[in-house]
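Understanding the architecture of this molecule
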Amino acid sequence: MSTETAPRSLAEALRTRDDTSLSTLLRSRPDLITPVPTDLTQLATRAGTRASVVRALERLDRFALQTAEALAVAADPATYDELMGLMAGDDRDPAVMAAFPRALGTLREQALAWGPDDRLRLVRTARELLAPSPQHPSPTGLGPTVAEATAGMSPGRIQEIVAAAGLPTTHDSVSAVASLTGLFTDRARMSALLDDAPAESVDVLSRLVWGPPYGQVTADPARHLRWLIDRGLLLPTAPGTVVLPREVALHLRAGRAHRAAEPVAPAVEAARTHRPQVVDAAAAGQAYTTLATIEELLKDWHEGGPAVLRAGGLSVRDLKRTAVALDLSEPIAAFWVELAYAAGLLASDGEADERYAATPGYDEWLELPAAERWARLASAWLAATRTAGLVGARDAKDRTLSALGPGLDRSAAPEVRHRVLTLLAALPEGASPTADSVLARLHWERPLRGDRSASDDLRTRLARWTLSEAELLGITGRGALSAQGRALLGFPSPSALAGEPTGPGDKLPAHKRHHALPETAHSPAEQAAATTRAARLLAPLLPEPLDHVLLQADLTAVAPGPLERPLADTLGVLADVESKGGATVYRFTPASVRRALDAGRSASDLHAFLAAHSRTPVPQPLAYLIDDVARRHGHLRIGAASAYVRCDDDALLNEILADKRSQGLRLRRLAPTVLAAQADPAALLEGLRSMGFAPAAESAEGDVLITRAHAHRTPPRTAPEPVPEGPPVPDATLLGAAIRAIRAGDLASTTPRKQDAATDHPGNGELPRTSSAETLATMQAAVLTGESLWIGYVNAEGAATQRVIAPIRVEGGFVTAYDHTADEVRTYPLHRVTGVAELADDQA
């Protein structure tokens, strides 16, 4: 492209793009399309705003960002070869030269750089952000140019520097600065100048060359410093402060803007490689543990869970209690609690005394096959922005972040999870990566900006949490991505990628390795299909539920695998869980048997249940235990007097009265078979049980009350919506419609117009102004001639726009026309048309 035809602004550069290029821009920077710009000038303006540019820069990979930083310290405009030299140096690093076109293409694609190869420019806002200044040093470590550093220097002093450097003096400062700049950018002359420098002076330059470029000097500098200052190799910026000019630093760096360019993404290294079958089996085992843990958690909160804090969330004490109940550490317990919440299985009940409880969706979830239940949990985790790893940390106001509470959403979490798992999918089957190599790759793809260290970066912490949480969920097994995890992400099987190098030592360029796998499914239909496929792959790997247990003589029962739900529920009432793992051990105790009797079971029911579901004979000690507890169960009756104890055996009542432990119940005899108490029935019931008796509660009619657990449920609740990270990526339909609207709006704003009858400024960007009669006459004439018109229009909200229309019919105070801006036929009220103008003859 010649200089004469080169675009003079970003808007003009955007006008030279085709629809595919504009689609790529809007897809990579979706904030530019919200709302849809009226024309390309507005799109260019929006692309240059600080917020949009910062967001775009933060999404560049390391080498593309380094290229933008180099362009910020290059001349404005710069040539392709000049920018290449800043990146590759005088020795023209072949790796940098190979990756440079892609990096520059990325900057152009995202409208951060524009212009032909001989006039490359960085968007002004990006240059302001990346160019060096005393307040904001450049990541390149370079300082100001000679012209910038000498801007406030006296003409006499500039001439002294020029003379000391061996250059002829000039008649003005501008030519003197240009002469000095020419010396510093001439490799041969600059080398000759430095050959005469004292060794101490060269040492000073070597300490400043890679930055920071500023140094401190005294009012009377040492001889070696004076030598540098006299020749302009160090220039004063403030009293006692000198700076190394950019041109001098670039000479000492052999032309490089960065100490180490990073053109190639670091490879993700495999720590170990396992057989794929071992990985899938280990992941399936964790998937089963996931289901068991979630069920145990919500069973623990079956009758109403912990109270909701006033500020929202779970108290530290309740989290500790839940962790003890699940036999887990508090951070892991917080993860399972947050997972149940993200999946819509857990919520607050909204009552006056607000508590957490299972939702009706939990009951529906329980009815699904095990593999489908796991897939729903894993899908919820992938999309959730709530981050359990933050529980216990402090927010900006130094408040502790609690589980299920506010402040846990991090919009970057889903993207980081998908990216980490995508990197795992690029490894050979069964390969588990080293965590450091994964973090290094993520750091290259999204380099940090500012003074934060990598360990403090949120994305780094999210990546570490992803690796551990994926293992807990069973998406990975032994650190490697499982087949069901790969399917859940929407990735093809490894055999489908056999033609592409995916190992850590492959020869594929970094920018191609980045896209070696397909993008993760985004549409609900695609995600549902991926979830179904993952469940189908997992189902054969999960153990089948068992309908039996093994009873043992030591009053225990062993479940050698997962039990069918009715059996597990009944056994959970009749016995206490003693240990969990591949096999679950239940222990029968008097309290557990009494619990089953309280739930309405009779002794004969319990004997029949055990005989039907045990592969071993019912041990005699267990049968005796059931009969003994049943014989005493209900022998005492508790009712409301404030409370009373009724028993046909007056000797037993005498025994209770004689027991010192009953003094707190304040019992007194009302009749030979009745005792009255000051305590309420529940406290009396619990007190006598703690004394070793087995009383039963009775109703006002004298019937035994069956105390069956009541399942507390919240009203219908939906899962929490993820908090998006900026505007969503537009789909193809929205992109097509937006580009058509932008093109049409640009046509309306740039099409030449004929001389406006009401103004002396045709086509000046303002809305046309004509009288109602002239507007109507021009519209009617255009209907007859078929010509297009330029109109100003004010909509119902009062927003003024300009449009190019081809009138079809004018009647009843309305004009029906083909609107080039909207690319469709529309009807407009004539009273909202501010004016009309004909297009120039060559554009009509």
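Report follows, based on the coordinates. (Residues numbered from 1 in each chain as written. Predicted model: local features only at pLDDT ≥ 70, side-chain atom pairs only at ≥ 80, totals over all residues. Heavy atoms only, no water.)

1. Observations concerning empty space enclosed by the protein
Within the structure shown, the criterion is met by five cavities of 30 Å³ or more. Size it by volume and the second largest cavity reaches roughly 140 Å³. Together, 16 residues line the second largest cavity, and W381, R386, A388, R417 and E469 are the ones closest to its centre. Mapped onto the lining of the second largest cavity, the elements with two or more residues apiece are α18 (330–342), α21 (413–425) and α23 (458–473). (1 Å grid on protein atoms, 1.4 Å probe; cavity = no way out; pocket = protein on both sides within 12 Å on 5 of 7 lines; lining within 4 Å. Points joined across faces, edges and corners; volume = space filled by probe spheres on them. Helix = DSSP H or I, 4+ residues; strand = E, 2+ residues; numbered from the N terminus.)

2. Some words on the sheet that holds strand β21 (residues 789–794)
With antiparallel pairing, five strands are arranged side by side in an open sheet as β24-β23-β22-β21-β25. Two strands in the sheet have a free side with no partner beyond their single neighbour: β24 (824–829) and β25 (833–838). Averaged over all pairs of adjacent strands, the angle between strand axes in this sheet comes to 45°, irrespective of strand direction. By the bridge criterion, six bridges tie strand β22 (residues 800–811) to strand β23 (residues 814–819) in an arrangement that is antiparallel. Bridge pairing links R809 to T816 in β23. Strands β21, β22, β23 and β25 of the sheet are contacted by helix α34 (residues 772–785), whose axis makes an angle of about 60° with β22. (Pairing = 2+ DSSP bridges. Axes fitted to C-alpha atoms, helices over the stretch in contact; angles between N-to-C directions. Contact = heavy atoms within 4.5 Å.)

3. A closer look at the sheet that holds strand β14 (residues 576–579)
The strand order β12-β13-β15-β14 describes an open sheet built from four strands, whose pairing is antiparallel. One side of each edge strand has no neighbouring strand; the edge strands of this open sheet are β12 (550–552) and β14. Averaged over neighbouring strand pairs, the angle between their axes works out to 30° when direction is ignored. Judged from the three bridges that link them, β12 and strand β13 (residues 556–559) form a sheet pairing that is antiparallel. Bridged to L551 within β13 is A557.

4. Describing the packing of helix α20 (residues 370–383) against helix α26 (residues 524–538)
Where α20 meets α26, the closest approach of the two axes is 8 Å, and the angle between their N-to-C directions is 135°. With respect to α26, the axis of α20 lies oblique. Every pair of crossing elements has a handedness; the one defined by α20 and α26 is right-handed. Only Q527, T531, A534, A535 and L538 of α26 make contact with α20, whose side of the interface consists of A371, E372, W374, A375, R376 and S379. When its residues are assigned to classes, the contact of α20 with α26 shows six nonpolar, three polar and two charged. (Parallel < 35°, antiparallel > 145°, perpendicular 65-115°, else oblique. Left-handed = near helix turned anticlockwise from the far one by under 90°. Nonpolar A, V, L, I, M, F, W, Y, C, P; charged D, E, K, R; others polar.)

5. Quick look at the nonpolar core
If you look at the biggest cluster of nonpolar residues, it comprises 90 residues, and the most contacted ones within it are F184, L233 and L234. When residues in this core are grouped by element, the largest group, eight residues, is from helix α5 (residues 62–73). Other than its neighbours up to four places away in sequence, L233 contacts F184, M190, L193, L194, L205, W227, L228, V243, L244, P245 and V248. Ranked by size, the runner-up nonpolar core spans 70 residues in total, among them A375, L390, L424 and L488. (Core = buried A, V, L, I, M, F, W, Y, C linked by side-chain atoms within 4.5 Å. Buried < 20%, exposed > 50% of the residue type's maximum accessible area, 1.4 Å probe, protein only.)

6. Considerations on the pairing of strand β15 (residues 584–587)
Note: β13 against β15, four bridges, orientation antiparallel. The residue of β15 that forms the bridge with V558 is V585. Here three bridges tie β14 to β15, and the two strands are oriented antiparallel to one another. Across the sheet, the residue bridging to V577 is Y586, located in β15. Taking the residues between adjacent antiparallel strands as the criterion, β14 and β15 are bridged by four residues, where G581 takes a positive phi near 155°.

7. Some details on the environment of A682
On the secondary structure map, A682 appears in helix α32 (residues 681–690). With a relative accessible area of 55%, A682 lands in the exposed category. Spatially, the C-alpha atom of A682 lies 8.8 Å from that of A643, the residues being 39 residues apart in sequence.

8. With respect to the packing of α21 against α23
How two helices sit against one another is set out by the angle between their axes and by the gap between those axes. At a closest axis distance of 9 Å, the pairing of α21 and α23 adopts a crossing angle of 60°. Between α21 and α23, the crossing angle belongs to the class labelled oblique. Here the hand of the crossing between α21 and α23 comes out right-handed. For the pair α21 and α23, the contacting residues are A413, E415, V416, R417, V420, L421 and L424 in the first and R459, L462, A463, T466, L467, E469 and A470 in the second. For the contact of α21 with α23, the class distribution of residues is nine nonpolar, one polar and four charged.

9. Overview of the pattern of salt bridges
For the coordinates displayed, the defined rule picks out 36 salt bridges. Here D230 makes a salt bridge to R226, at a shortest N to O gap of 3.5 Å. Highlighted residues: D230 and R226, both in helix α14 (residues 223–230), separated by four residues, approximately one helical turn. Under the relative-accessibility criterion, D230 is labelled partly exposed at 24%. Taking relative accessible area as the criterion, R226 reaches 34% and is therefore assigned partly exposed. (Salt bridge = Lys/Arg side-chain N within 4 Å of Asp/Glu carboxyl O.)

10. Description of the side chain of R386
Secondary-structure assignment places R386 in the loop between α20 and α21. Setting aside residues up to four positions removed in sequence, R386 forms contacts with E338, Y341, L404, G405, L408, D409, R417 and P720.

11. Digging into helix α17 (residues 316–326)
D318, L319, T322, A323 and L326 are the residues of α17 that are buried. For α17, the angular spread of buried residues about the axis comes to 140°, placing them on one side. Exposed and oriented more than 90 degrees from the buried face of α17 are V316, R317 and V324. Looking at the packing, one finds that the buried side of α17 touches α16 (276–300) and α18. D327 sits one or two residues past α17 and shows a positive phi near 60°. (Arc of directions from axis to C-beta.)

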